[in-house]
Amino acid sequence: MPVSTLGQGDAQRAETPAQLMEGIRRETTARLLPLLGETLRAERARLQQACDDATQGAPAHDADVEDLTSLTVLAAELIQHEHRWQKALGEVFAAWPEPPLTHARSAFSLLSDDELQAQLIGQPVAEALDRRFESQRDIIDRRLHTLATRLQYRGRPCNPLSARFLVECFLRAFAAGDCGRRLRALLLRRHELLLDGALGALYAWCNTRLAEAGCALAGDSDHAALLAGLGGSTEALPSHRTPIWEQGNAVMRAGAGVAPGLRADAPRGNVLRRYARRQRDARRAELDAAQRSFRRDEFLSTLSLLQSERSLPAGETHAIRLREGLYAVAAGLGIDRQAVAFDGEQDEALILVGALFDLIAARHQLTPPARERLALLAVVWVHLALEDVQLFEPSSPPAMQLLSALVELWDGVDPEDPQSIEQQALADRAADAVLDSPHGDGRVFPAQLAQIDAALAANRRRAEAVERRTWQALRGRERLDAARRQARSEVSRRLEAGALLPSVAGFLDVEWRRALEQAWLRDGETSDRYREVLSLGDALLESDALAANDGGSAVADRLLGILPALRDCCAQSGNDADATEARLAGLVAEHASQTPRRTHFPTQPAAADAPLLPDDADPQAGLADTRFAEGQRFVQPGAAGAARRLRLAWRSALSGACLLVDATGARQWLLMPADLHAMIEAGQLQPRPSGGAVSQALATLAAQAGGG
């Protein structure tokens, strides 16, 4: 059964409950999915600080080191955990209005260890979040009850946004097999803090979205049904039955005295509109000279005609082009521009939309046709600014999401890359569909978003698979480089002690070094096995020193004591039994004879073993540099306006190195953060905001408005 929505522009649109819930699911995913990565990064930073501050003998040090290692693995597989989270959330929405199957079990069903652990650590967090957001969640519960009755559902439906489902989705993303109970609880507590800051805005958005869809509050009494039957009027209700007005209610109290463009649930929009009002006041003399203002229907008709003409006059800014275009259309309707001016709400919309589109165009590398399409879209967004009070909020409605997607597809087009040209054409078709749609039809935005997602899905999956294989190979190679670097350092330190027997120096430089590398790779440099291999090298140096001082039987005793470990080193180095015995025999013979000693220099790595990163790279500085995050986009300018899109696909947990891949997922650069920043400073790379073009531009405008 479709849900009828009557917007402020008196343009009615029908939306089924399934479409409405799908829109809520998409918005919930867009808002909450980034919190998984933030949870891992924040907890990892805390554990890293704890490990740096703790001493080796501290009781909690080993547990922190183990948790930090587990977090490194979890961060490397973040995409998989995000897919699990999205799947879990999708199951909750797919089952609505029923609860998901995991919550429909019998009271006498047996719980697995994972479910029991999740219940023990998740229930207190879910209850705490529910208590903090009880009033907002209750309003959504009652609106969902109204929506469910339209599906002929008998009973009270579940709320997919309730804390218990969100906590369960998080725990399903990071199951007990992925990390220990202690780390899992720490991650959940960290996630609770992030949810605490995000749920208020999400609930406010969802409440308003359901209200706009005509979902009135359903309660235990009959006042909600009466309100729905009256079409939103409260004049016929007794005074004791109307104390239900809360932020975002489906029915707005008439005559409440709310100023146009100033709403309690639109804080950023209010700041921006006040900023636009100050700019409007600077042109007060010009506005006062006009005899009258555009009537609302007159302005909307002019705006619609300007959109259909698909042409804007030239101008320095988008706001100037929009004003001149509107005056040109109005002149064709017989309206004298000297006698009429834009009223406050209209002028504020022109100022804000013009400033937003100016920032977007200045910050992205767009072709001339794309710039012109972007300017034409500004006409549509002026209408949205008049109709949607939430347009400029961080909640990012579908219209703003679509605008970000279009700019991303237009940005940095490579005319020699067929895939880039195809994406540009995709953005052109979506923009044309928006321009062809009538004013007030908000369905075009989620529909075009869905078409873009569907068109890019196959290429995105292929690119993600390629880049995953790339960074997994780089991660293994970087670990090998780190092991080799550490082993070379240990060998050099021991060979610098002085002249040694050739067999001792050769053994340290070959077999012992390889054993160190393998111990580092398999067990880590803090493991007992690694310390045992280090001790073997020191014992071999002591036997050499005893032989130099004519230690006699002490030399033989020492060699006999370490002989099994020496033999194990040879085996790990790949020597067969005969080569091992020959190597050990030569070692014993040189200890027993007066063999001349000489200084030995470590063997330099072969060209094939050259490290990925230069030896002078500073891993600590790279890890401490948090300016760049996985997923951030870059544009690499080229000659004659050509460009290439790049993405930061992976950051090393060992050195902080950044892997940049192209649109196909192929490796293009592996740089330390300092080198990446140097390329940006030199103009060789242009970073793009991770939050999207529109979000970053609105944040800039809000900062300017606050400072003004």
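These numbers were taken from a predicted model, which means no experiment stands behind them.

This part covers the overall build of the chain. Each helix and strand counted, the chain has 25 helices and nine strands in total. Evaluated residue by residue, the chain yields a buried proportion of 46% over its 708 residues. Taking all contacts inside the chain whose residues are at least 6 apart in sequence as the whole, residues at least 24 apart take part in 72%. Counting every atom, the chain has about 33500 Å² of accessible surface; 52% of that belongs to carbon and sulfur.

As a further point, take the packing of aromatic side chains. The tally for this structure, following the rule as stated, stands at 10 aromatic pairs. For the pair Phe294 and Phe299, a centre-to-centre distance of 6.2 Å together with 70 degrees between the ring planes defines the contact as edge-to-face. In this pair, the class of Phe294 matches that of Phe299, namely buried. Ring geometry for Phe299 versus Phe342: centroids 5.8 Å apart, planes at 85 degrees, classification edge-to-face. In this pair, Phe299 is assigned in helix H12 (residues 296-309) and Phe342 in the loop between strand E4 (340-341) and helix H14 (344-363), connecting sequence segments 43 residues apart. In this structure Phe299 comes out as buried when scored by relative accessible area, which is 1%.

Another point: the packing of helix H19 (residues 502-523) against helix H21 (residues 553-572). It is the contact of H19 with H21, at a shortest axis distance of 8 Å, that shows an interaxial angle of 75 degrees. In terms of their interaxial angle, H19 and H21 are classed as roughly perpendicular. Residue-level inspection shows Phe507, Glu511, Trp512, Ala515 and Gln518 of H19 in contact with H21, the latter providing Leu566, Cys569, Cys570 and Gln572. The class makeup of the residues in the contact of H19 with H21 is six nonpolar, two polar and one charged.

If you trace the five strands from one edge of the open sheet to the other, you get E8-E7-E6-E5-E9, paired in antiparallel fashion. Two strands lie at the open edges of the sheet, namely strand E8 (667-671) and strand E9 (686-688), each paired on one side alone. Taking the axes of each pair of neighbouring strands and ignoring which way they run, one obtains an average angle of 30 degrees across the sheet. For strand E6 (residues 643-651) and strand E7 (residues 658-661), the ladder comprises four bridges, and the chain directions are antiparallel. Considered in E7, the bridge of Trp650 is made with Leu659. Sitting on the sheet, helix H18 (residues 444-495) touches E6, E7 and E8, and the angle it makes with E6 is about 50 degrees.

Turning our eyes to something else, we now look at helix H8 (residues 181-212). Across its 32 residues, H8 extends 43 Å between first and last C-alpha, which sits within 8% of the 46 Å expected from 1.5 Å per residue. The largest bend along H8 measures about 35 degrees and falls at Ala198. Note on H8: the residue one or two positions beyond its end, Gly214, has a positive phi of about 85 degrees.

Moving on, we get to the side chain of Glu82. Within the secondary structure, Glu82 is located in helix H4 (residues 78-95). One buried charged side chain, Glu82, makes no salt bridge at all; its nearest oppositely charged neighbour is Arg41, positioned 7.2 Å away. Setting aside residues no more than four positions away along its own chain, Glu82 makes contact with Leu33 and Leu36.

Relative placement of two packed helices is described by the angle separating their axes and the distance separating the axes. Close contact between helix H15 (residues 368-387) and helix H16 (residues 398-410) brings their axes to 12 Å; oriented N to C, the two are set at 175 degrees. Relative to H16, the element H15 is oriented roughly antiparallel. In this structure, H15 contributes Ala370, Arg373, Leu374, Leu377, Trp381 and Leu384 to the contact, and H16 contributes Ala399, Met400, Leu403, Leu406, Val407 and Trp410. A class-by-class count of the residues in the contact of H15 with H16 yields 11 nonpolar, no polar and one charged.

With an omega of 10 degrees, the peptide bond between Trp96 and Pro97 qualifies as cis. Within the secondary structure, Pro97 sits in the loop between H4 and helix H5 (113-132). Positive phi is not limited to glycine here, since Arg310 has a value of about 55 degrees.

Let's shift gears to the pairing of E6. The two faces of a sheet get side chains in turn, since along a regular strand they alternate between them. Taking burial as the measure, the nine residues of E6 include seven buried ones, the bulk of the element. Pairing between strand E5 (residues 633-637) and E6: five bridges, direction antiparallel. In the sheet register, Val635 faces E6, and the bridge partner there is Arg645. Hairpin connection of E6 to E7: six residues between the antiparallel strands, including Gly656 at a positive phi of 80 degrees.

Quick look at the side chain of Gln307 now. Secondary-structure assignment places Gln307 in helix H12. Given a relative accessible area of 5%, Gln307 falls into the buried group. A polar side-chain atom of Gln307 sits 2.7 Å from the main-chain carbonyl oxygen of Leu435. Non-local contacts of Gln307, meaning those with residues more than four positions away in its chain, are made with Val379, Val380, Val434, Leu435, Asp436, Ser437 and His439.

Topologically, Val167 is positioned in helix H7 (residues 163-173). Spatially, the C-alpha atoms of Val167 and His191 are 8.8 Å apart, while their sequence positions differ by 24 residues. Leaving out residues up to four positions away in the same chain, Val167 has contacts with Gly122, Val125, Ala126, Leu129 and Leu188.

Turning our attention to the pattern of salt bridges. Tallied over the entire structure, the rule returns 42 salt bridges. Among the ionic pairs, Asp411 bridges to Arg688, the shortest N-O distance being 2.4 Å. Here the residue Asp411 occupies a position in the loop between H16 and helix H17 (418-436), and Arg688 occupies one in strand E9, the gap between them amounting to 277 residues. Classification of Asp411 as buried rests on a relative accessible area of 0%.

Attention now goes to the environment of Leu534. Along the chain, Leu534 falls in helix H20 (residues 528-548). Remark: the alpha-carbon pair of Leu534 and Glu490, spanning 44 residues in sequence, is separated by 8.3 Å. Apart from the residues lying within four places of it in its own chain, the contact partners of Leu534 are Glu490, Arg494, Trp512 and Leu516.

In this model, H4 (18 residues) spans 26 Å end to end at C-alpha, consistent with the 26 Å of a helix rising 1.5 Å per residue. Every buried residue of H4 is accounted for by Leu78, His81, Glu82, Trp85, Ala88, Leu89, Val92 and Phe93. Here the buried residues of H4 occupy an arc of 135 degrees about the axis, which is enough to place them on one side. Among the exposed residues of H4, those oriented more than 90 degrees off its buried face are Lys87 and Ala94.

Now for the pairing of E5. Counting buried positions along E5 gives four out of five residues, so the element sits mostly inside the fold. In this structure, E5 lies alongside E9, joined through three bridges in antiparallel fashion. In the strand pairing of E9, Arg633 is matched with Arg688.

Here we come to the state of the cysteines. As enumerated under the stated definition, the model contains zero disulfides in all. A disulfide-free cysteine, Cys569 has its sulfur positioned 6.9 Å from the sulfur of Cys570, the nearest such atom. Judged by its relative accessible area of 0%, Cys570 is buried.

Let us look at the confidence of the model for the chain. Mean pLDDT over the chain: 80, with 85% of residues reaching 70 or higher. Contacts for the low-pLDDT stretch residues 103-111, under 50 throughout, to residues beyond four places or in other chains number nine contacts. Below pLDDT 50 for its whole length, residues 219-264 participates in 55 contacts with residues either more than four positions away or in separate chains.

What counts and what doesn't
- Residues numbered from 1 in each chain as written.
- Predicted model: local features only at pLDDT ≥ 70, side-chain atom pairs only at ≥ 80, totals over all residues.
- Heavy atoms only, no water.
- Helix = DSSP H or I, 4+ residues; strand = E, 2+ residues; numbered from the N terminus.
- Buried < 20%, exposed > 50% of the residue type's maximum accessible area, 1.4 Å probe, protein only.
- Contact = heavy atoms within 4.5 Å.
- Areas by Shrake-Rupley, 256 points an atom, 1.4 Å probe, with all protein chains shown as cover.
- Phe/Tyr/Trp six-rings, centres within 6.5 Å; stacked < 30°, edge-to-face > 60°.
- Axes fitted to C-alpha atoms, helices over the stretch in contact; angles between N-to-C directions.
- Parallel < 35°, antiparallel > 145°, perpendicular 65-115°, else oblique.
- Nonpolar A, V, L, I, M, F, W, Y, C, P; charged D, E, K, R; others polar.
- Pairing = 2+ DSSP bridges.
- Expected span 1.5 Å × (residues − 1).
- Bend = angle between axes of the 7 residues up to and from the residue.
- Lys, Arg positive; Asp, Glu negative; His and termini not counted.
- Salt bridge = Lys/Arg side-chain N within 4 Å of Asp/Glu carboxyl O.
- Polar contact = N/O pair within 3.5 Å; in protein donor to acceptor, adjacent residues only side chain to side chain.
- Arc of directions from axis to C-beta.
- Disulfide = S-S within 2.5 Å.
- pLDDT = per-residue confidence, 0-100.

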